Structures are given as structure tokens and as C-alpha cells.
Amino acid sequence: MADIASPAVPPDPGRGEPVISLRNVSKNFGAVSALTDIELDVYPGEVVALVGDNGAGKSTLVKVLAGVHHPSSGTIRFNGQEVSLSSPSAALDLGIATVFQDLALCENLDVVANIYLGREANPWKLDEVAMEVRAWTLLNELSARIPSVREPVASLSGGQRQTVAIARSLLLEPKLIMLDEPTAALGVAQTAEVLNLIERVRERGLGVIVISHNMEDVRAVADRIVVLRLGRNNGVFTPDDSHNDLIAAITGAAENSVSRRAERRAARQEGHA
Amino acid sequence: MSSNPNSVAGRALDRADARLRQDEGLGGALRGFLDRVRSGDLGMIPVAVGLVLISVIFTGLNPVFLRPGNVSNLLYDCATTGIISLGIVCVLLLGEIDLSVGSMSGLASAILGVLWINHGWPVAWAIVVALGLGALVGALYATLYNRIGMPSFVATLAGLLALLGFQLYLLGSSGSINLPFSLPLVVFGQNAYMPNGLSFVLALLPGAALLWSGLRARARRQAAGLTGGAASVVVAKAAALTIGLVAVVLYLAQGRGVPWMFALFVGLVVAMDYAIRRTKWGRSMMAVGGNREAARRAGINVRRIYLSAFVLCSTLAALGGILSAARLGSASQQAGAGDVNLNAIAAAVIGGTSLFGGRGSAYSALLGIIVIQAISNGLTLLNLSSSLRYMILGGVLALAVIVDSLARRSRASHGRG
């Protein structure tokens, strides 16, 4: 098991400065501490998976980084500079793009309008042609299966909406992308596409934070797995660490039905061997 | 097209998906249109059908209804409340409401009368002060909404009473101020018609503009590797628009022609339509009306959008009040009272702007107010009392909302939001 005391240890010192670096970040909603003393580093070209049970504070952490919530205390450094993420547009301007779990698309607008929302070129005379071409280019890069970008988003399926949301996050060439449950609503092929996409984004030297409940996806794509439990750091793992350890860190107990079954299976396999 | 770097496997970018029906030419455009209508995207169709029905019924009952002189007069009456309704469209797009537009217009006419006639100010200054007060009131509503979270329904209801009180206070004991008929503003409000040659040329302009921009957009789309749509569709649309407008103008020319005030109203509608559809501001308005939180997360300054909509609405209401003072030749305690408020809101809704935000168009103010004025005008020609007029207008408004609700349900089941 990894070292809980210093979760911020860089996996590779040669990577230089972290894109984003959190120290002692806390967030209270009234009497409830959603986040307590969170520490997190993400380096360029690295995929960090945030895992944890429901209510562990993953989505709150993402919202803090996206400028939706303001932390109650703690410091956030972006590219070494201390920053205050006072609003979603401040986070966007810095280069932090977010794909929210609840997607945050405007259903009455078409795909192009949604991808460019808030970032339209030519504010006094929208250039629909240039926007549509760029939208198609982004969607084709993601191998998206969207028949028409001129239909309202309301007519798209959940997976198609996810693709639109991811395409939108890539529009601004961000330095850090956060994906909140990016594969939750997707089919098999599209899940694979999104994982491919995450790899491609990493290869471009961006930092990626992925929240997921799906441990298979996490292991397939993450370089480090950061576990949150009840709003606190609860260990940092690599994809090669054992499943049991990971589940134990997430649930807070090594003894549960998942670990028992895994032990039984391991014992059976030893018996066969 | 296969030589274009953007095209996929020899097909245009937006037609690369194999599941997509390849609509081409006039027939394809027609098929797409019918599909949209069937799925509940009715657009302006109910209003157009309603107008035809109204014309047929009232002309049957009293042939004067469709005479050029009466139509000119009808359009003249549309302008003032129509401009107020245009402001209502702005707040409705956000899913908000302004109930005080009637009082605001009455107050603006009172300010005009007091400053211009009683205090002898230059008319331009009086107008600027009235419009400025309108903007200020709108800014106040937006601040109450943005900072305190006061629902616009309540804030503007309070405004309705307060502004009405201020109007009565300003007019004082006399109760009304007459504007001399010789003044240019009053002439503009009562008897200013476009020269027929000019209105004929202006009727040709929209079609020409549509043709030019349509063909240019088509060329640009094809150059970028997208389908351009058939040139025949563009030409057909432009021709239909031109024929329709020229027919209306030639018909009105047999009477007194097109009122300048109506031309001003149409100009404002066209400008507003451009602002809503083709600018970043308009896109942001639609986004905030559709999904406020999504718009905020996209980095749109939601508060500023609310501010702009409320300011625009109150300012247009003040402008409507000034013009109605010119139309009536007086600023009275009755100005802006009664049905102005309700007509302005009803016009926007009858024209097809949703009360729930995110769906609508500037043209709904134009078409909706023509429907309402046509009904009032027709009933007046039949010498029916206002009691009956209100009942019939109430029925029409209910019908419009029923059509909208049914269409919304159909849109939902066809996945068009």
C-alpha cells in the first residue's frame, strides 16, 4: 500500500512542476465538511484517477477546481502560481476544462452552439460556418457518432451528449481536463473511445483528472489512483496495486464481501495450480 | 467536393453519417420542414393560420376590415404596444416576466408631457430622460433579481404599482396633458406615412438581402466542406418573401401607405432578431433561458445577461409609452393602464415565445400584436363592446398557450426539447 502520509510524491521527478497542486484544501457546507485538508498534485501528461465511495467528496473537489464552489480554506497552485478560482470563467481562462457529471448542456441549443457556448468567435456576427467546421473536426477526432450538429441537444442520447461535452472541453486547448464519471452513460464502444481519447489527451501533455466508479476503466487509463474517503485523502495507488488494497482504501475496511470473494478465488486458483 | 480537405470519404462533413437522410433540393427542404412541423416544432404556423382565419371571418362580417385604409390604421395601432411586446420577448426568453411594462409606458408618456409641455424642455431631452428612467427601472429589477433573488414576478408587480403611482403624481390634478397636433412627434404618431416609392424599394430589400446572404453562406459552407443546401431553396425563399412584401406594400399604397411608426417597429424587430440569432449576446440569452446553470458553467456572465434583458425591456416599454403619447396626442392618467400590459405579454406568447424561457423569436412580437390588434379592430368595426372584446382575446390567448403546450409535449416525445 502506498504512503498515506505524503500523497503528493511525484511519480516521476523528471516531469517538472505540477499543472495543479492543492494543499490543505477544505470545503464546508454549513456544519458538514465535504473536504478536509485535501492534497493533490497532477503533472503534465499524467492521468490521475479520483476514486471513492458516494459522498467521498470527489465531485465537490472537481467543482472546487472548476470554480463552481469556493474552498473554505487551503491553497491552489496552477503552474506554480497561487490562484483563486473565483468563477467558472476564471478556471476556464486559466486552462482548466471540466466535463461535469450532469453534463451541463443547454438542451434547447444545437450541438455547435453548445460546443462554442460562452466562447463564440466574432461576438457581433457569429461565424456559423467556421464554428460548424471546427465542431465537426473535434467530433471526428473523438470518433463521435452524431448524425447532425444542427439538431437540438435534446434529441441526442446520453452517450452522444457525453461526447459533445468532452468535445466542448477540448475546444479551448486546456492544460488540465477534469472528467466527472465520463463513461457512466456510455456504451461499450464509446467507453473504449473515451478511454482512447483520454490517452490521446495525455500524449498531448495535458494533465487529466478522471472520476470514476468503474475500477476497470480506472486501471486501464490512470497513472495514479488517488483515493478519497469521507472528504479526506485515503492513499495513493498505482494501477498495479492489488484490487483488495484499493477496495479497502475506498471502503475503509479490508474485510468485506468483495475482499472475501477475491480471497476465495485466489485460494481456488492456488488449489488448481 | 472530395478534393476538400475537410470532407470525409468524399462526403461533406455534415453528411458523413450513413444514418442521415440525404435531403437535397427543394423537395428535401420541404420534407425537412414537414418533419419539424410533425414533431411539434410549429414555429410561426399557428399565428399565420390564425391571421388568415381572422381576416376571413372579419371581412365576411364587415368588408371594411380588409380595406387598405383600415389595414394601415391597424398597423399604426400595432406599433406602440408591439414595441413594448418586443421588450417582453427579451425577458420571456430568460423565463422571466415584467408585469410593469404598462405602467412604465404610462410613466414615460407622463414624463414626456410634463418635461416637454409643462416645463418647456426640448423634446429630445424629455425623450432621453424618459428612456433613461426606463433603463434605470430595468436595472433596479435586475439588481433585485441578481443580488437578492427576488422573483421578477413580484419585483415587477411592485413596480407596476409604484410606477403607476408616480405617473398619477406627475400628472397631478389636471389628469392629462395635451400635446399640440402641429409638433413633429405628434405628426409622426398620427399621420406620417412613407412615400409609396420608398416603401416599395424597402419591400424589395429583405428578399435581396436574403438572396445575397443565403448564396454567400452557401458558397462559404461548400468551400469549408459542408453541404450548402440547394440554391433553389434560397431563391424560392427570397422570391416568396419579396412577392409577399411587395403585395402588402402595393395593397397599402391604395390607401395611405405604410405608417412610419410601423416601419420603425419592424426595423426594431429585425434588429432584435439579428441580435438574438446572430450575436454572442443572443446566444447567451438563449442559453441562460434554456439552462441557467449550464450557461454559468460555460463562463457566461449570467447576471449581466439578466441585467441587459430587464434594461432592454423597460427601455422599450418607455419608448412604447412615448410613441403612444404621440399616437394619442396626450399624456393622460389612462395611458398605459387597462389592457396595454396584458396585450404586450399576450402578443409575445401568441406569437410563439415560450413562457418558460429559451424558445422564441423577435418576430413573435410582430405577429402576435398584429393578431391582437386585428381582433380588437375587427370587433370595434362590428360595434361590439369592450366586454366582448376582452372575452374573445382571453379565449385566443388561452388557445395560443394550449397550442404551445401541446406542441411542447410533442417536441418532448420526438426528442426535440
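Every value quoted in this text rests on a predicted model; they were computed, and no experiment measured them. (Residues numbered from 1 in each chain as written. Chains lettered and ligands numbered in written order. Predicted model: local features only at pLDDT ≥ 70, side-chain atom pairs only at ≥ 80, totals over all residues. Heavy atoms only, no water.)

Participant: Which residues make up the overall build of chain A, and what values go with them?
Facilitator: If you tally the helices and strands in chain A, you get nine helices and 10 strands. Out of the 273 residues in chain A, the part that is buried amounts to 53%. Taking all contacts inside chain A whose residues are at least 6 apart in sequence as the whole, residues at least 24 apart take part in 65%. Surface summary for chain A: the accessible area is close to 11600 Å², and the carbon and sulfur share equals 50%. (Helix = DSSP H or I, 4+ residues; strand = E, 2+ residues; numbered from the N terminus. Buried < 20%, exposed > 50% of the residue type's maximum accessible area, 1.4 Å probe, protein only. Contact = heavy atoms within 4.5 Å. Areas by Shrake-Rupley, 256 points an atom, 1.4 Å probe, with all protein chains shown as cover.)

Participant: I'd like a description of the interface of chain B and chain A, backed by residues and values.
Facilitator: Between chain B and chain A, the residue contacts involve 34 residues of the former and 39 residues of the latter. Summed over both partners, the interface of chain B with chain A buries about 3200 Å², with 57% contributed by carbon and sulfur atoms. Of all residues in chain B, Lys280, Arg283 and Arg297 of chain B give up the largest surface area on contact with chain A, accounting jointly for 25% of the area buried on that side. Its salt-bridge partner being Arg221 of chain B, residue Glu132 of chain A comes within 3.0 Å of it at the nearest N-O pair. Breaking the side of chain B that touches chain A down by element, the ones donating at least two residues are helix H8 (196-223), helix H10 (260-278), helix H11 (280-290) and helix H12 (292-297) of chain B. Partitioning the side of chain B that touches chain A into residue classes produces 12 nonpolar, eight polar and 14 charged. (Buried area = accessible area lost by both parts, 1.4 Å probe. Salt bridge = Lys/Arg side-chain N within 4 Å of Asp/Glu carboxyl O. Nonpolar A, V, L, I, M, F, W, Y, C, P; charged D, E, K, R; others polar.)

Participant: So what's going on with the packing of aromatic side chains? Residues and values would help.
Facilitator: The geometry of an aromatic ring pair is captured by the separation of the ring centres together with the interplanar angle, meaning the angle of the planes. All names here are of chain B. Summed over the entire model, instances satisfying the criterion amount to seven aromatic pairs over all chains. Ring plane angle 70° and centroid distance 6.5 Å describe the contact between Tyr141 and Phe310, whose orientation is recorded as edge-to-face. Placement of Tyr141 in helix H5 (residues 123-148) and of Phe310 in helix H13 (residues 302-328) is noted, with a sequence separation of 169 residues between them. We classify Tyr141 as buried; its relative accessible area is 4%. Take Phe310: its relative accessible area is 1%, and that puts it in the buried class. (Phe/Tyr/Trp six-rings, centres within 6.5 Å; stacked < 30°, edge-to-face > 60°.)

Participant: Talk me through the confidence of the model for chain B; I want residue IDs and the actual numbers.
Facilitator: Taken over all residues, the pLDDT of chain B has a mean of 88, while the share at 70 or more is 94%. Our summary of model confidence lists the complex with pTM equal to 0.84 and ipTM equal to 0.85. (pLDDT = per-residue confidence, 0-100.)

Participant: A description of the pairing of strand S9 (residues 224-229) of chain A should follow, citing residues and the corresponding values.
Facilitator: Residue and element names in this part refer to chain A. Of all six residues in S9, five are buried, a share of seventy percent or more. Sheet topology note: the S9/strand S10 (residues 232-237) ladder contains four bridges and is antiparallel. Each bridged residue has a counterpart across the sheet, and for Leu228 the counterpart in S10 is Asn233. Between the antiparallel neighbours S9 and S10 lie two residues, among them Leu230 with a positive phi of about 50°. (Pairing = 2+ DSSP bridges.)

Participant: Summarise the sheet that holds strand S3 (residues 47-51) of chain A; cite the residues concerned and give the values.
Facilitator: Residue and element names in this part refer to chain A. Taken together, six strands build an open sheet; the order of strands is S6-S7-S8-S3-S9-S10 and the sheet is mixed. The open sheet has two edge strands, strand S6 (96-99) and S10, and neither has a second partner. Direction aside, neighbouring strands of the sheet carry axes that sit 20° apart on average. Alignment of strand S7 (residues 176-180) against strand S8 (residues 207-211), held across five bridges, turns out to be parallel. Paired with Met178 across the strands is Ile209, a residue of S8. Sheet strands touched by helix H5 (residues 158-170): S6 and S7. Its angle to S6, the strand with the most contacts, is close to 175°. (Axes fitted to C-alpha atoms, helices over the stretch in contact; angles between N-to-C directions.)

Participant: Explain the nonpolar core residue by residue, including any values.
Facilitator: Counting residues in hydrophobic clusters, the biggest one holds 134 residues, and the most contacted among them are Ile20, Leu22, Ile76 and Leu176 of chain A. Broken down by element, this core gets its largest block of residues, 15 residues, from helix H3 (residues 68-93) of chain B. Apart from the residues lying within four places of it in its own chain, the contact partners of Ile76 of chain A are Ile20, Ser21, Leu22, Val25, Val64, Leu65, Pro71, Gln81, Glu82, Val83 and Leu85 of chain A. The next biggest cluster of nonpolar side chains, apart from the first, holds 42 residues, and it includes Val47, Val112, Ala135 and Leu195 of chain A. (Core = buried A, V, L, I, M, F, W, Y, C linked by side-chain atoms within 4.5 Å.)

Participant: Break down the packing of helix H15 (residues 363-381) of chain B against helix H16 (residues 386-413) of chain B for me, with residues and values.
Facilitator: All names here are of chain B. The interhelical angle for the contact between H15 and H16, taken along N-to-C directions, is 150°, at an axis separation of 10 Å. One finds that H15 runs roughly antiparallel with respect to H16. Note on packing geometry: the crossing formed by H15 with H16 is right-handed. Contacts from Val371, Ile372, Ile375, Ser376, Leu379 and Thr380 of H15 reach H16 at Arg389, Ile392, Leu393 and Val396. Split into classes, the residues belonging to the contact of H15 with H16 amount to seven nonpolar, two polar and one charged. (Parallel < 35°, antiparallel > 145°, perpendicular 65-115°, else oblique. Left-handed = near helix turned anticlockwise from the far one by under 90°.)

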